[in-house]
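# Structural overview for review
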2 protein chains.
Amino acid sequence: MYKPSLLAVLLWTCISLSSFANDGYKLWLDYQPISDSQLKSQVEPLLGGVYFFGENPTYEAIRKELNLASKSMLAKAPVYTKERLQNTKLWIGTREQLSQVLSLDQQAQIKALGNDGYWRGTLELDGKSFYAIVGNQPVGVLYGVYNWLNSIQSNTFDSSTELSDSPKIKLRMLNHWDNLDRTVERGYAGFSIWDWHKLPGYVDPRYIDYARANASIGINAVSLTNVNANALILTTDFMKKVKVLADVFRPYGIKVFLTARFSAPIQLDGLKTADPLDPEVIAFWKKKTDEIYSFIPDFGGFLVKANSEGQPGPHEYGRNHAEGANMLAEALAPHNGVLIWRAFVYSHEDEVDRHMQANNEFEPLDGKFQENVIIQIKNGAIDFQPREPVHPLYGAINKTNVGMEFQITQEYLGQATQLVYLAPMWEEVLKTKIYRPTPESTVASLLEGEGTGQKLTLIAGVSNIGTDRNWTGHLFAQSNWYAFGRQAWDPSLESKQIADEWIKLTFGTNPEVLTKIEDIMLSSHEAAVDYMTPLGLHHIMGRSHHYGPGPWVMGGRADWTAPYYHNADSLGIGFDRTTEGSGALGQYAPEVAKAWSDPNQIPEKYLLWFHHVPWDFKLKNGNTLWEGIAYHYDQGVKEVRKMQETWASLESEIDPAEFDHVRQLLEVQEEEAEWWRNACLLYFKTFSKRPFPADIEQPEGDLEYYKSLQFPNAPGI
Amino acid sequence: MYKPSLLAVLLWTCISLSSFANDGYKLWLDYQPISDSQLKSQVEPLLGGVYFFGENPTYEAIRKELNLASKSMLAKAPVYTKERLQNTKLWIGTREQLSQVLSLDQQAQIKALGNDGYWRGTLELDGKSFYAIVGNQPVGVLYGVYNWLNSIQSNTFDSSTELSDSPKIKLRMLNHWDNLDRTVERGYAGFSIWDWHKLPGYVDPRYIDYARANASIGINAVSLTNVNANALILTTDFMKKVKVLADVFRPYGIKVFLTARFSAPIQLDGLKTADPLDPEVIAFWKKKTDEIYSFIPDFGGFLVKANSEGQPGPHEYGRNHAEGANMLAEALAPHNGVLIWRAFVYSHEDEVDRHMQANNEFEPLDGKFQENVIIQIKNGAIDFQPREPVHPLYGAINKTNVGMEFQITQEYLGQATQLVYLAPMWEEVLKTKIYRPTPESTVASLLEGEGTGQKLTLIAGVSNIGTDRNWTGHLFAQSNWYAFGRQAWDPSLESKQIADEWIKLTFGTNPEVLTKIEDIMLSSHEAAVDYMTPLGLHHIMGRSHHYGPGPWVMGGRADWTAPYYHNADSLGIGFDRTTEGSGALGQYAPEVAKAWSDPNQIPEKYLLWFHHVPWDFKLKNGNTLWEGIAYHYDQGVKEVRKMQETWASLESEIDPAEFDHVRQLLEVQEEEAEWWRNACLLYFKTFSKRPFPADIEQPEGDLEYYKSLQFPNAPGI
């Protein structure tokens with residue numbers, strides 16, 4: 001593009017680009033022009049006189065953001081002043097930098113917010129008032145600035161009210177399951193944004209926009225590589241590449257983690273063993289770790305998947321998870337690095353209910369892990385199902401640091417083609433009462449360290465980010481990235497409030513748009529559960545790619561088949577995990593175990609997860625179980641159609657490119673929901689031998705046809 | 001993005017976007033605002049009154065393009081009128097539709113332009129004058145409109161001069177080497193833009209922009225899939241997906257081809273054989289072909305790689321290429337489909353110089369192929385080397401349709417990170433004299449059918465397109481896509497003229513920018529040859545990924561090693577293809593063979609391709625061969641540094657994002673050029689045992705280090 005006069009640019013770019021579609025690249029940092037004059041009159045003066053107390057690479061990042069936002073929202077660049085009184089309206093700095101102008105009370109109040117917290121409000125000095133954004137550290141200031149800019153975009157900014165916030169979780173982390181060849185395990189938005197081949201020489205501008213997006217929602221750590229790890233990432237060549245990314249992310253307060261392949265000493269240095277107690281192995285990891293820190297002084301640490309699904313680990317050498325994790329933790333400790341060890345472990349050699357294996361392995365090790373180790377536990381014991389009861393390991397161990405692993409990418413929740421807002425599901429998990437270590441304990445309070453005094457806290461999410469221009473494939477999948485960051489910052493936030501924030505930042509503040517899109521988002525998860533796995537059904541997806549229904553999937557290891565989980569037979573359906581069954585319920589707190597052991601007391605959403613129930617079992621609404629299953633599947637399809645109607649009614653209010661993108665995908669979602677309903681009901685009917693309720697849309701199609709469908713090139717494997 | 005009033009959009013989008021970087025997505029269809037008032041006064045009235053003679057899906061595509069262009073260039077939508085006189089200024093239609101207003105001479109003149117030709121100029125009627133864009137078919141009109149819009153963008157439009165053009169080649173085709181899992185063989189711009197998983201349900205808007213870009217440069221055929229073919233593309237599921245793409249491309253005059261795996265009858269229908277003379281096999285292909293045409297009535301045909309590099313083919317059944325090709329051709333013939341059969345064949349069981357194998361196989365078959373078969377021949381006999389003498393098969397067969405296969409993707413020419421403008425290399429090939437079938441024959445004249453009367457003509461290019469936002473990874477790689485289309489339309493075009501066109505469309509009409517970027521582009525290919533493979537050296541790249549130097553590569557089949565090609569020893573270097581050597585020179589016309597057989601007569605750029613030459617052989621400039629090799633490698637590096645300086649001097653004239661993108665990549669290119677020079681000279685010195693000339697930058701580094709470099713995740717394999 002050639003460069004005509006600025007005037008020409010201003011005058012013309014608009015036309016050329018107003019005729020150009022919105023591709024969603026800017027995410028929730030769209031910085032729409034301010035149309036509300038009252039808001040404008042508040043914001044314009046502030047950006048007309050910005051004063052920074054001190055200098056800092058993070059302040060450079062703040063300046064870049066203010067420039068972008070101001071030009072976009074106000075059609076003018078911000079004015080930065082060199083002295084803090086004359087012509088100054090907006091103060092930016094840390095508590096220490098502003099100590100002379102902050103009262104002792106204010107200083108104490110701000111100090112209490114911790115490293116990442118911020119305060120923003122009006123300060124008086126010499127009879128003049130200034131708006132100030134203050135943190136204890138530059139990164140807190142950055143969060144404050146993003147929070148302020150978001151309040152402007154969503155038209156909720158009011159300079160007269162003070163506001164302060166601080167995260168309840170220390171590590172708010174994205175886990176990328178990105179392979180070095182740029183494929184992404186469970187990735188449905190194209191391929192890995194890490195262009196390893198062009199690094200370190202070429203820095204894709206996208207890396208900076210990625211950091212901006214994360215920082216704007218408080219994400220402060222990223223693991224770059226797949227937990228099914230490739231040892232090559234630990235070679236010097238790759239360290240040089242990772243260093244470039246770390247340098248880009250640092251001003252945005254983001255630390256880099258890597259996945260460590262437990263067998264790396266064998267693969268990289270040709271050692272005969274990877275035994276965590278072997279002196280050469282210990283020396284290998286110390287040397288590797290020191291080398292990484294020589295490139296990246298603030299390297300976050302390692303994330304490890306060991307002895308699970310074929311990954312190497314300490315068990316090969318007769319060592320347990322603690323011995324494996326602690327060896328790595330000791331290599332990291334001198335650098336204040338963190339070792340994150342995943343609790344997602346199950347073995348094909350273990351006949352025990354897969355649901356129970358993590359507790360069986362980790363409960364005996366409680367208290368045996370180093371201080372800088374965190375055990376990262378999935379929200380449920382199986383694997384990111386559409387709805388899953390909380391993992392029994394939460395509360396079962398309380399002398400060990402534990403962290404949450406959510407999945408943002410929609411492996412089991414519609415993948416690339418379905419609109420499913422995940423925050424309600426995460427909220428459900430976070431608010432679950434677990435009664436341990438204290439009678440009031442919830443998953444959220446445990447993660448925050450309440451009752452255990454845990455200092456090192458973590459909420460991780462498996463990323464849904466890829467090379468697709470809109471980052472997440474489905475425009476609405478952006479809301480899951482956004483919501484994850486917000487809930488990791490404050491697990492007590494409500495999914496409805498987060499949806500409202502995201503909708504305003506993405507589609508603007510038109511109230512009709514807000515209500516309608518909120519309806520779509522808040523109903524979407526329940527709809528997906530209904531047309532995929534209602535009433536506690538789980539893991540009945542297509543094999544390996546997990547795309548579409550596969551309740552008939554057989555062959556290979558038992559716990560990779562569908563019947564292992566649904567156990568449908570002539571009598572009924574469901575996995576008996578009571579004391580008469582696998583006994584998995586016994587791993588929960590007694591309060592939970594007791595309530596859930598009774599099929600008439602357990603919340604129906606979990607019924608078939610823990611009970612094998614007769615087809616004629618009476619549900620609370622009087623329907624038989626068989627009828628209930630049929631009504632749920634049918635209801636799921638109806639919900640999707642409602643989402644379609646609501647979206648269609650917004651055509652005049654939404655950017656045409658974005659509208660058509662979502663319209664097309666909702667059509668695909670409807671087809672896929674019908675496919676799920678038809679395939680599952682036709683299949684289960686072969687066991688129930690009962691008719692479908694007359695008042696549902698009768699499942700059509702041929703079960704054999706559904707069984708015959710193959711997806712050899714399904715993405716994300 | 002919410003939708004404020006149009007005014008707000010116009011007023012504000014410009015600001016928000018003027019502060020946003022140009023990511024290169026719009027290619028050469030950027031439609032910059034017209035700043036030249038004189039040009040504007042010509043164009044504005046025409047777009048103020050557009051009349052279409054008749055209706056047609058292609059006219060819909062033209063309207064879309066005019067809307068986009070007019071809004072972008074003039075800040076207003078075009079005005080379409082319903083009657084052809086009042087308020088009308090611009091007439092658009094076919095010769096037949098305009099027959100009443102065209103003189104018989106004009107009609108005859110236009111008719112002579114053929115299906116794809118167009119005429120544009122001023123017509124007088126009832127004392128009024130109208131500007132008209134006329135073709136024999138709607139697609140010709142489309143080409144005329146794109147040509148007119150390009151003339152406006154490059155400020156060369158003059159309504160007072162008539163202009164007509166028509167392609168000299170019938171099939172102007174892109175070959176995508178895209179796999180169904182979205183990896184791209186020899187792809188360096190991300191991954192395949194064909195999102196098979198989301199098709200047919202989701203139509204990516206990118207498909208339409210792809211069609212626009214191709215149509216704008218006259219490309220009218222695309223093969224969607226890798227020549228190393230996957231039979232799955234021929235299943236009904238995939239046909240439904242391909243149909244959607246064909247429907248998108250049709251209004252833009254683009255036909256879809258697919259690659260056919262010769263063993264598909266075995267893989268898809270479980271036949272025991274794929275013997276082309278087996279009745280069941282013949283029936284399989286007829287049925288498959290008929291089925292494809294039931295979805296895509298204007299399906300182009302098949303592209304086949306057989307019995308080469310392990311691909312299945314007729315040889316397994318004792319049949320020859322003609323028998324294999326004709327069987328498929330007969331299945332296509334009833335639908336007017338075309339069968340394209342690649343001449344790139346060589347076998348590891350064949351000890352003969354790989355350079356000779358295609359001629360050995362195809363010369364005896366000349367005249368034995370069906371009328372709807374085209375033999376697609378690479379520009380050279382080895383494999384898309386930085387510089388390669390013309391393939392001896394050109395002119396050796398003249399009773400068979402032949403087509404050209406160029407490679408746009410830079411497999412051996414810098415891949416993703418180097419700026420190499422390829423048109424000069426293609427021009428060199430097209431203008432090469434081959435003396436057969438007539439003494440005046442050149443590659444271009446043969447491809448146009450001169451001397452053979454060949455009707456079905458083809459120039460194909462292996463695509464460099466991927467999911468990268470700018471389509472081609474390197475911004476300047478867009479120029480190779482553009483140049484390929486232009487040279488396929490008219491093989492006599494000069495690469496300098498094409499560069500000028502592209503520069504104006506991409507960077508604007510500033511003369512300083514034009515000259516400087518033209519310098520960079522026109523020197524880039526010779527520079528790459530110098531620092532990679534000067535004086536006729538070839539195939540000394542890294543194994544399999546072909547990234548970087550690998551003159552030492554040994555092991556496996558001989559013709560996949562580097563020494564097979566350079567033959568360096570204590571006496572000299574080069575591949576003896578004279579009668580004393582492999583005799584490959586004998587496959588050329590006597591005029592060529594004679595001249596090139598003498599190391600003192602052969603153009604030095606081909607010297608080591610055909611001769612094994614002593615290190616002290618005297619070059620024309622008096623240097624010894626060893627000195628000459630050293631000077632060429634050194635010169636290549638110096639040329640890249642000159643490109644860097646020239647680019648740096650343009651900083652104030654180029655969009656910042658685009659400037660920095662190219663600046664970074666030129667730095668990488670400099671490092672890679674030094675790497676090539678150092679590695680190759682250090683390696684060859686171990687044979688020549690001679691010092692480097694004192695006045696070159698002395699190659700530094702350790703040969704063992706260069707040999708040790710591994711690129712396990714290099715793209716494009």
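Everything numeric here is computed off the predicted structure, so don't read it as measured data.

Time to look at the overall build of chain A. The secondary structure content of chain A amounts to 22 helices and 15 strands. In terms of C-alpha radius of gyration, chain A reaches 26 Å, essentially the compact-globule figure of 27 Å for 717 residues. Counting across all 717 residues of chain A, residues that qualify as buried make up 64%. For chain A, the proportion of contacts with a sequence separation of at least 24, taken over those separated by at least 6, is 72%.

Turning to helix α6 (residues 205-216) of chain B, a few remarks are in order. Residues and elements named next belong to chain B. If you check α6, its first and last C-alpha atoms are 17 Å apart, about what twelve residues at 1.5 Å a residue would give, namely 16 Å. Counting buried positions along α6 gives ten out of twelve residues, so the element sits mostly inside the fold. Every buried residue belonging to α6 is among Arg-206, Tyr-207, Asp-209, Tyr-210, Ala-211, Arg-212, Ala-213, Asn-214, Ala-215 and Ser-216, and all of these are buried. Buried positions along α6 lie against α3 (57-74), α5 (138-153), β6 (171-175), β7 (221-223), α7 (236-249) and α14 (477-489). Two or three places before Arg-206, at the start of α6, stands the capping residue Asp-204, its side-chain oxygen 2.8 Å from that residue's backbone nitrogen. Once α6 finishes, Gly-218 follows within two positions and takes phi at roughly 85 degrees, a positive value.

All names here are of chain B. Residues Leu-39, Gln-42, Val-43, Leu-46 and Leu-47 constitute the buried set of helix α2 (residues 37-47). The buried residues of α2 occupy an angular sector of 120 degrees when the element is viewed end-on, so they sit on one face. Facing away from the buried side of α2 by more than 90 degrees, the exposed set consists of Ser-37 and Gln-38. Of the surrounding elements, those touching the buried residues of α2 are β1 (50-52), α3, β2 (90-94), β4 (128-135) and α5. The opening residue of α2 is Asp-36, an N-cap whose side-chain oxygen sits 2.7 Å from the backbone nitrogen of Gln-38.

A word on the pattern of salt bridges. This structure, assessed with the given rule, holds 88 salt bridges over all chains. Glu-674 of chain A is the salt-bridge partner of Arg-641 of chain A, the closest N and O atoms lying 2.7 Å from each other. Of this pair, Arg-641 of chain A sits in helix α20 (residues 625-648) while Glu-674 of chain A sits in helix α21 (residues 656-688); the two residues are 33 residues apart in sequence, bridging distant segments of the chain. Across the salt bridge formed by Glu-428 of chain B and Lys-605 of chain B, the nearest N and O atoms sit 3.7 Å from each other. Of this pair, Glu-428 of chain B sits in helix α12 (residues 423-430) while Lys-605 of chain B sits in the loop between α18 (590-597) and α19 (607-610), placing them 177 residues apart in sequence. The exposure class assigned to Glu-428 of chain B is partly exposed, which follows from its relative accessible area of 22%.

Residues and elements named next belong to chain B. On the basis of which strands lie adjacent, the closed barrel formed by eight strands has the order β6-β7-β8-β9-β10-β11-β12-β13 and parallel pairing. Averaged over all adjacent pairs, the angle separating strand axes in this sheet is 25 degrees, with direction ignored. Here strand β8 (residues 255-259) pairs with strand β9 (residues 301-304) via three bridges, running parallel. Considered in β9, the bridge of Thr-259 is made with Leu-303.

What follows deals with the UniProt feature "domain: Glycosyl hydrolase family 67 C-terminal" (unreviewed entry) in chain A. The feature "domain: Glycosyl hydrolase family 67 C-terminal" (unreviewed entry), as given by UniProt, occupies residues 472-695 of chain A in the numbering adopted here. For the annotated span residues 472-695 of chain A, helix accounts for 54% and strand for 2% of the residues, and the straight-line distance between the end C-alpha atoms is 38 Å.

What follows is about the side chain of His-525 of chain B. Residue and element names in this part refer to chain B. Tracing the sequence through the fold places His-525 in helix α16 (residues 511-532). Given the relative accessible area of 3%, His-525 is considered buried. With residues near it in sequence (within four places) discarded, His-525 still touches Pro-386, Arg-387, Leu-413, Val-420, Tyr-421 and Met-425.

By the criterion of burial, β8 of chain B is predominantly enclosed, with four of the five residues buried. Regarding the hand of the β-α-β motif, the stretch spanning β7 of chain B, α7 of chain B and β8 of chain B is right-handed.

Further remarks concern the packing of α6 of chain B against α7 of chain B. Residues and elements named next belong to chain B. The geometry of α6 relative to α7 is characterised by a closest axis approach of 9 Å and an angle of 45 degrees between their N-to-C directions. Judged by the angle between their axes, α6 and α7 are oblique. As for the relative orientation of α6 and α7, their crossing is right-handed in sense. In contact with Tyr-207, Ile-208, Tyr-210 and Ala-211 of α6, α7 contributes Leu-245, Val-248 and Phe-249. Per-class residue counts for the contact of α6 with α7 are seven nonpolar, no polar and no charged.

Moving on to the nonpolar core. Within the largest apolar cluster, 217 residues are counted, with the highest numbers of intra-cluster contacts made by Trp-148, Phe-249, Trp-285, Trp-481, Trp-647 and Phe-684 of chain B. When residues in this core are grouped by element, the largest group, twelve residues, is from helix α21 (residues 656-688) of chain B. For Trp-647 of chain B, the contacting residues outside a window of four places in its chain are Phe-476, Phe-507, Ile-517, Ile-520, Ile-654, Glu-658, Phe-659, Val-662, Arg-663 and Leu-666 of chain B. By size, the runner-up hydrophobic cluster in this structure holds 216 residues, among which are Phe-284, Leu-430, Ile-573 and Leu-619 of chain A.

Turning next to the pairing of strand β8 (residues 255-259) of chain A. As paired strands, strand β7 (residues 221-223) of chain A and β8 of chain A are joined by three bridges and run parallel to one another. In the sheet register, Ala-221 of chain A faces β8 of chain A, and the bridge partner there is Lys-255 of chain A.

Once that is clear, we can look at the domain arrangement of chain A. How big an interface is tends to be stated in terms of the accessible area lost upon association of its parts. Residues and elements named next belong to chain A. Taken as a whole, chain A is organised into domain 1 (31-165), domain 2 (171-494) and domain 3 (529-575 + 612-708). For domain 2 versus domain 3, the distance between C-alpha centres works out to 31 Å. At the junction of the two partners, domain 2 supplies 28 residues and domain 3 supplies 27 residues. Taking both partners together, domain 2 and domain 3 bury about 2200 Å²; carbon and sulfur atoms supply 56% of that area. When the buried surface of domain 2 facing domain 3 is broken down by residue, Tyr-412, Thr-417 and Gln-418 rank first, second and third, together holding 23% of it.

The rules we used
Residues numbered from 1 in each chain as written. Chains lettered and ligands numbered in written order. Predicted model: local features only at pLDDT ≥ 70, side-chain atom pairs only at ≥ 80, totals over all residues. Heavy atoms only, no water. Helix = DSSP H or I, 4+ residues; strand = E, 2+ residues; numbered from the N terminus. Rg over C-alpha atoms; globule rule 2.2 N^0.38 Å. Buried < 20%, exposed > 50% of the residue type's maximum accessible area, 1.4 Å probe, protein only. Contact = heavy atoms within 4.5 Å. Expected span 1.5 Å × (residues − 1). Polar contact = N/O pair within 3.5 Å; in protein donor to acceptor, adjacent residues only side chain to side chain. Arc of directions from axis to C-beta. Salt bridge = Lys/Arg side-chain N within 4 Å of Asp/Glu carboxyl O. Pairing = 2+ DSSP bridges. Axes fitted to C-alpha atoms, helices over the stretch in contact; angles between N-to-C directions. UniProt positions renumbered as here; feature names shortened; annotations may be inferred. Right-handed = clockwise from strand over helix to strand, strands pointing away. Parallel < 35°, antiparallel > 145°, perpendicular 65-115°, else oblique. Left-handed = near helix turned anticlockwise from the far one by under 90°. Nonpolar A, V, L, I, M, F, W, Y, C, P; charged D, E, K, R; others polar. Core = buried A, V, L, I, M, F, W, Y, C linked by side-chain atoms within 4.5 Å. Domains from an automatic or database assignment. Buried area = accessible area lost by both parts, 1.4 Å probe.

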